[in-house]
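Here is what each chain is made of, one letter per residue.
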Amino acid sequence: MCAMRGADYSSRQKVLIVGPCEAGKSTIANILTEASESASEVYRPTVGVRILDCEVEVRSQRLAVELWDCSGDYQKFQKCWPAMKKDALGVVLVYNPEKEKHEQEIEQWFHWFPRSMGMSPAQVLVMQSLRRADMPKRMPLPQKLSAAGVGQPAVVTADDLVIARKHFSSFMEVVRQSVLDKQRQEEEDVMKGN
């Protein structure tokens, strides 16, 4: 669960939330940071990026997380991407499979962000944001994401948004472990003189 309480924010874990316009990225960011418990009825596009601080409990430790809720308007804000990508340890891809072009677009967002950043599949969480409760509870993962080894999508419905916190906590545990493994490998390489 994300909360803004007593974690050490000097060692924040930067995570990006990206995806097409009107996918539900800001709603999910608000749920993760406990800024809201429900979706807004009014769509307000994010301008550039919103940065939210929160913490996640991972293995009985509080992990400080900096969530970057990025605009889906890539034509306007693509020039900001280098700053957004800098030092990010994970990416949450959000799309709404109810929208006709979102499946195609999320594959492009995957290419633009985690793939171009050299992230492993473990550093990517896909969230399907569903507005209608009568939709299937899990749509298949888009083909290019599946082929890249990205895990099955977490399904977040309008009537159960707080499930996003559970999925995010599990994701952050994996991200944290992959960062620790990478650091350990770099240290071993230095010790070996590589």
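Up top you'll find the structure we're talking about.
Residues numbered from 1 in each chain as written. Predicted model: local features only at pLDDT ≥ 70, side-chain atom pairs only at ≥ 80, totals over all residues. Heavy atoms only, no water.

K.L.:
Whenever I open this one, the pairing of strand E4 (residues 88-95) confuses me. Can you help?
P.N.:
When a strand is regular, its side chains alternate between the sheet's two faces. Burial of E4 is extensive: seven of the eight residues sit out of reach of the surface. Across five bridges, the pairing between strand E1 (residues 13-18) and E4 is parallel. Residue pairing in the sheet places Lys 14 in a bridge with Ala 88 of E4. With five bridges joining them, E4 and strand E5 (residues 124-130) adopt parallel strand pairing. Within E5, the position partnered with Tyr 95 by the bridge is Gln 128. Note on the crossover from E4 through helix H4 (residues 102-115) to E5: the handedness is right-handed. (Buried < 20%, exposed > 50% of the residue type's maximum accessible area, 1.4 Å probe, protein only. Helix = DSSP H or I, 4+ residues; strand = E, 2+ residues; numbered from the N terminus. Pairing = 2+ DSSP bridges. Right-handed = clockwise from strand over helix to strand, strands pointing away.)

K.L.:
Quick question: what am I supposed to make of helix H6 (residues 163-192) here?
P.N.:
Two residues of an α-helix separated by three or four positions point the same way, owing to the 3.6 residues in each turn. In this model, H6 (30 residues) spans 44 Å end to end at C-alpha, consistent with the 44 Å of a helix rising 1.5 Å per residue. Every buried residue belonging to H6 is among Ala 164, Arg 165, Phe 168, Ser 169, Phe 171, Met 172, Val 175 and Val 179, and all of these are buried. A positive backbone phi angle near 85° is found at Gly 193, which sits one or two residues after H6. (Expected span 1.5 Å × (residues − 1).)

K.L.:
Would you mind going over the pairing of strand E2 (residues 49-58) with me for this structure?
P.N.:
The pairing of E2 with strand E3 (residues 61-70) spans 10 bridges and is classified as antiparallel. Looking at E3, one finds that Cys 54 is bridged to Val 65. Taking the residues between adjacent antiparallel strands as the criterion, E2 and E3 are bridged by two residues, where Arg 59 takes a positive phi near 50°.

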